[in-house]
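Descriptive analysis of the structure
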Amino acid sequence: MERLEYSEYVPMGALVKGLVVMVTAIFVFVTMAVLLFAGLSVENLFGVLFGWAIMAFIFFVFWNYRGISIKISGERLYVSYGFFNKKSFLLKDIVSCKGTKASFGRYYGIGVRYGSDGSIAYTTSFGDAVEVAPKTGRTFVFSSNNPDSVCEVIRRGSALRNSVQNGRLSQT
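Residues numbered from 1 in each chain as written. Predicted model: local features only at pLDDT ≥ 70, side-chain atom pairs only at ≥ 80, totals over all residues. Heavy atoms only, no water.

**With respect to the packing of aromatic side chains**
For any pair of aromatic rings, geometry is given as the distance between the ring centres together with the angle between the planes. Evaluated as defined, the whole model comprises 12 aromatic pairs. Taking 5.4 Å as the distance between ring centres and 55° as the angle between the ring planes, the aromatic pair formed by Trp 63 and Phe 83 counts as tilted. Here Trp 63 is found in helix H2 (residues 42-64), whereas its partner Phe 83 is found in the loop between strand S3 (76-81) and strand S4 (85-90), with 20 residues between them in sequence. Taking the centre distance of 5.0 Å and the plane angle of 90° together, the rings of Tyr 122 and Phe 140 count as edge-to-face. Of this pair, Tyr 122 sits in strand S7 (residues 120-123) while Phe 140 sits in strand S9 (residues 140-143), placing them 18 residues apart in sequence. Exposure class is identical for Tyr 122 and Phe 140. Each is buried. (Phe/Tyr/Trp six-rings, centres within 6.5 Å; stacked < 30°, edge-to-face > 60°. Helix = DSSP H or I, 4+ residues; strand = E, 2+ residues; numbered from the N terminus. Buried < 20%, exposed > 50% of the residue type's maximum accessible area, 1.4 Å probe, protein only.)

Quick look at the structure:
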């Protein structure tokens, strides 16, 4: 296994956490209102169970997208966002890396997004992010608490990889 140069976990932002708490509170309130005022009939019970099934799905989605995992090994950048969204790049194939902001105007929300400029983003909030431009493919943006550190590790790894490939690594 390759040596890990950098690792970071970026949790979901406060906005989404607040929305999930608000939706949960509404579901609890509606459930209690139905059970208290409408009585416990088969139709009401079915409606309540259906509502809680939807709520369980919302909780699963929230749990799945609860944060972004960033790992940089000796030669690869790995970014995963839930079970289904994973990206990796060879460090030598990254042309540029810079810190940026994941803005609403560019991505129209948070989560897995396509930007108005054609980029792909994994964002947990409208805060700091890293923008990586590979040799081929779309620009990739992902949330990070330390975008400068991520880019520094990527640049170091890319420079070292290119030196080894060109035979310029000095023996000490």
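**Things to note about the sheet that holds strand S8 (residues 128-134)**
Strand pairing in a sheet relies on backbone hydrogen bonds, with the paired strands running either antiparallel or parallel. Read across the open sheet, the 5 strands follow the order S5-S8-S9-S7-S6; overall the sheet is mixed. With partners counted over all chains shown, the strands left at the sheet margins are strand S5 (94-101) and strand S6 (111-114), one partner each. Within this sheet the neighbouring strands show an average axis-to-axis angle of 20°, counted without direction. As paired elements, S7 and S9 share 3 bridges and run parallel to each other. Paired with Ala 121 across the strands is Val 141, a residue of S9. (Pairing = 2+ DSSP bridges. Axes fitted to C-alpha atoms, helices over the stretch in contact; angles between N-to-C directions.)

**Examining the state of the cysteines**
In this structure the tally under the stated criterion is 1 disulfide. Through a disulfide, Cys 97 is tied to Cys 151; the S-S separation comes to 2.2 Å. Of note, the bridge from Cys 97 to Cys 151 carries an S-S torsion of about -80° and is left-handed in sense. Placement of the pair is Cys 97 in strand S5 and Cys 151 in helix H4 (residues 147-165), with a sequence separation of 54 residues. Overall, Cys 151 belongs to the buried group, its relative accessible area being 1%. (Disulfide = S-S within 2.5 Å.)

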